[in-house]
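One letter stands for each residue in the lines below.
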Protein chains: 2
Amino acid sequence: VSEFIMKRCFGDPILDVMNFLNQVILENPQAISFAPGRPLESLFDVENTFKGIYNYVQAEAHRSSKPTETVWGSLGQYSWTSGFINQTIAKQLFHDENINVCPESIIITVGAQEAMAILLLGIFDVNEDVLLVSDPTYVGMTGLAKLLGIRLVPIPCGSNGVTAEALLLAIGKASSQGRARAIYDVPDFNNPLGTSVPLEERLKLLDLCHEHKLLYIEDNPYGMFCYDGEKLPTFKSLDKRGSVLYIASYSKTVFPGLRLGCLVADQMTSEGGRLALELSKVKSLITVNTSSICQCILASALASNNYTLEPLVSPKREYYRRCRDILLDCLSIEFADRTLFDWNCPRGGFFITLTLPFKCDSEDVRRCARDYGVIVCPMMFFSADSNRNSQVRLSFSYLAEHDIREGTRRFSRFCQERIRQLAYGKRV
Amino acid sequence: VSEFIMKRCFGDPILDVMNFLNQVILENPQAISFAPGRPLESLFDVENTFKGIYNYVQAEAHRSSKPTETVWGSLGQYSWTSGFINQTIAKQLFHDENINVCPESIIITVGAQEAMAILLLGIFDVNEDVLLVSDPTYVGMTGLAKLLGIRLVPIPCGSNGVTAEALLLAIGKASSQGRARAIYDVPDFNNPLGTSVPLEERLKLLDLCHEHKLLYIEDNPYGMFCYDGEKLPTFKSLDKRGSVLYIASYSKTVFPGLRLGCLVADQMTSEGGRLALELSKVKSLITVNTSSICQCILASALASNNYTLEPLVSPKREYYRRCRDILLDCLSIEFADRTLFDWNCPRGGFFITLTLPFKCDSEDVRRCARDYGVIVCPMMFFSADSNRNSQVRLSFSYLAEHDIREGTRRFSRFCQERIRQLAYGKRV
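Now for a description of the structure that goes with this document. On a predicted model such as this, the values are computed, not experimentally measured, just so you know.

Right, let's get into the pattern of salt bridges. A complete count under the given rule lists 56 salt bridges over all chains for this structure. Between Glu47 of chain A and Lys51 of chain A there is a salt bridge, with the nearest N and O atoms lying 3.8 Å from each other. With Glu47 of chain A and Lys51 of chain A both in helix α2 (residues 46-64), this residue pair falls four residues apart, about one helical turn. The salt bridge partner of Arg405 of chain B is Asp329 of chain B, with a shortest N-O separation of 3.2 Å. Note that Arg405 of chain B is positioned in helix α14 (residues 401-423) and Asp329 of chain B in helix α12 (residues 310-334), a separation of 76 residues in sequence. For Arg405 of chain B, a relative accessible area of 26% corresponds to the partly exposed category. Connected through shared salt-bridge partners, Glu128, Asp129, Arg179 and Arg181 of chain A make up one network.

With that settled, the discussion passes to the packing of helix α4 (residues 86-97) of chain A against helix α11 (residues 292-303) of chain A. All names here are of chain A. Running from N to C, α4 and α11 point in directions that differ by 45°, and their axes come no closer than 10 Å. The angle between α4 and α11 places the two elements in the oblique class. Pair α4 / α11 crosses with left-handed handedness. Between α4, through Thr88, Ile89 and Gln92, and α11, the contact on the second element is made entirely by Leu298, Ala299 and Leu302. For the contact of α4 with α11, the per-class residue count stands at four nonpolar, two polar and no charged.

On to the sheet that holds strand β7 (residues 215-220) of chain B, then. Residues and elements named next belong to chain B. A sheet is described by the order of its strands in space; here seven strands give the open sequence β3-β9-β8-β7-β6-β4-β5, paired in mixed fashion. The sheet is open, and its two edges are formed by β3 (106-109) and β5 (151-156), each paired on a single side. Sheet twist, expressed as the average angle between the axes of neighbouring strands with direction ignored, equals 20°. With four bridges connecting them, strand β8 (residues 244-249) and strand β9 (residues 261-264) associate as antiparallel partners. Looking at the pairing, Ser249 lines up with Gly261 of β9. Running over the sheet, helix α10 (residues 275-286) touches β3, β8 and β9 and is turned about 25° from β3.

With that settled, the discussion passes to helix α13 (residues 362-372) of chain A. Considered for burial, the residues of α13 of chain A that qualify are Asp364, Val365, Arg367, Cys368, Ala369 and Tyr372 of chain A. One side-chain oxygen of the residue at the start of α13 of chain A lies 3.1 Å from the amide nitrogen of Glu363 of chain A, identifying that residue as Asp361 of chain A.

Next up on the list: the interface of chain B and chain A. The interface of chain B with chain A comprises 85 residues on the first partner and 85 residues on the second. Of the roughly 7300 Å² buried between chain B and chain A on both sides combined, carbon and sulfur atoms contribute 63%. Summed over the shared surface of chain B and chain A, the number is two salt bridges. Between Lys281 of chain A and Asp16 of chain B there is a salt bridge, and its shortest N-O distance comes to 2.7 Å. Inspection of the region where chain B meets chain A yields 22 residue pairs in polar contact (both at pLDDT 80 or more). Looking at the side of chain B that touches chain A element by element, the count peaks at eight residues for α10 of chain B. Looking at the side of chain B that touches chain A, its residues break down into 44 nonpolar, 23 polar and 18 charged.

Criteria and thresholds
Residues numbered from 1 in each chain as written. Chains lettered and ligands numbered in written order. Predicted model: local features only at pLDDT ≥ 70, side-chain atom pairs only at ≥ 80, totals over all residues. Heavy atoms only, no water. Salt bridge = Lys/Arg side-chain N within 4 Å of Asp/Glu carboxyl O. Helix = DSSP H or I, 4+ residues; strand = E, 2+ residues; numbered from the N terminus. Buried < 20%, exposed > 50% of the residue type's maximum accessible area, 1.4 Å probe, protein only. Axes fitted to C-alpha atoms, helices over the stretch in contact; angles between N-to-C directions. Parallel < 35°, antiparallel > 145°, perpendicular 65-115°, else oblique. Left-handed = near helix turned anticlockwise from the far one by under 90°. Contact = heavy atoms within 4.5 Å. Nonpolar A, V, L, I, M, F, W, Y, C, P; charged D, E, K, R; others polar. Pairing = 2+ DSSP bridges. Polar contact = N/O pair within 3.5 Å; in protein donor to acceptor, adjacent residues only side chain to side chain. Buried area = accessible area lost by both parts, 1.4 Å probe.

In structure tokens:
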């Protein structure tokens, strides 16, 4: 048995994206990295948030007239599969996203990733159903679909993300392969593109979903990080016909170490049951329930902020906005020749798309890290579309100002060298 | 879309076992319940364990010469997919279970359940592989396999659990359906039976696994709760040929609210990589990583106990041992007629199997809870074998002495009534 043969899907490079990037980072500890899409630690305030558990225990002891010891004990115990802070989360979703659902329609998950796992395991019939995904897409979704053997149809994104026109074409394409069951997208400040779907297009997409009995899986980790003007309404808040399944993450708004997200599934099943209740059975088979310790730390943070994330997000938003502005500024200095380089100006989120005049692959990433001390993430890692081969995703959420400036300079030098090599027809 | 059609497997009653029992408990709040296999809260000491995070932060700040603020920040951040307390866990596994593996062969999981999800998703090819399961079995494993469409072949258990003879028969049966890939069992103080596999049989089973290139998935949540004599060596500690994948749970030894377990996979893949590393890719697609907050609470508890769970388990073991003895005593009083009733005397764990002279199903559970104020768990929920229809699982881990005594009396009265009804050929 010691020669262990893995499932076939392990050959798919998508399963190696994260490992590859981690390895490059480990091999080049001094390199400045635009690769990881993670929030900046110094903005977290973990210790104080953590202490919220004491407030939770006090409040709960008071409310239930039980000794604090009993409340502590119950936090150690197995708990409800769907979570026990659902009422708090329902209030937060209403305040922050205008999403109006009852606590029973919410499942508290181990981060947004578990919500994806619950959905793919719970609603996809591998032999019949096809998942449409905006392309490029977050690899956590496409990687999982591949692991499960779920067929994918990519929807090529434009500068405003997925359009109704592109979705309609994809639905047609999917029909030859099975039943188009759902579309997955990050419509606000997309990972990896940074794009946002305009309001008018949201309404058209929802009409189309309704018409084709297609579910819309809305993954919204970045929605509250809107830097210019008003944030757009979520698909879920616009949805009046039960088309949208909503995934929230508390990794960027609070911090990732809590591993908390939620899944909103307020539809009813054809047997008249609650979809969230059916899906909680899937959750029980993945992680039984989400850590009570982590749940009440989040509940306490929300309760002490009147059930809105705004006070927690506000300083983070200011910081990340400044990072975006610095990166845009640096790009306009270091990549001034717009006949060679192009980039978008996202209204929010963590990412910018930079288009280069050459193909950028793993080999480039390795060499650029080693020789120029800067790490970027090729867009091809997230895409089935060869048109994306010459793009990179730049994260600006994790770097200090001087690193953004120095990193952009370094990457510019790498690009200049690559362009010179291409002009001479060689590649070292 | 609002009429939501679920996947076919949702029709399988196994997915409803937990919900059914929870519902009966909710509908009969005064009933004494032998159903839930959970540890007793008053034995947890959550508050003090929780405070361990401060020791962890202090020690880590000292070790790394970083300010405590930085350490707190890193606990809030995304972390290694496989976990960061693996060295601590490796020491604990060695001290407590004589399992000698390097930290890189361990994945820290969100409870034992996630370890099962990682294995079924990672190593089973739905179209080829068959999973052999001891019968009856923990529904978290069989439910998940059914959700994934993995074919199951039950191995009927005897009074000492799975035998090599029964395994051989099951391998033969599986060969007509595909490739027998792995066997899953809880060999120590089995859930639901309470049985243990004798040492000699362990060696035979390991030989058989090696011979048939079969993996042995050892799920060991109860191993440290041995009440009589010496505990037996785990399969993993006996395995010298890479046959065993080991799953640990910290829910019974520490407390469930942490949601921590681990998966030991020290095999190498046919490509020469570490199996644990390949499986960590699966983990990243389920939950990204296990909460750092929870990980360091456990690490601190272990570090302050010289890397053994023994001081934490010892008082719990004493308590549960007494509960078992009380239940055995009650059974011999209330179910004295051994021509009608029979039960086993487990050497450890949380469960006793009681055999009744009639079939016990959901309807019985409902009626018994409503009319007699006691809840038991029918063995048929865990089994494909109709021979188990007249058995129930009694958990003794969650009840106080007087509840065990009163609950047994109540259940005895229910059984007497059922026997009288059967004698008169009716059922109300």
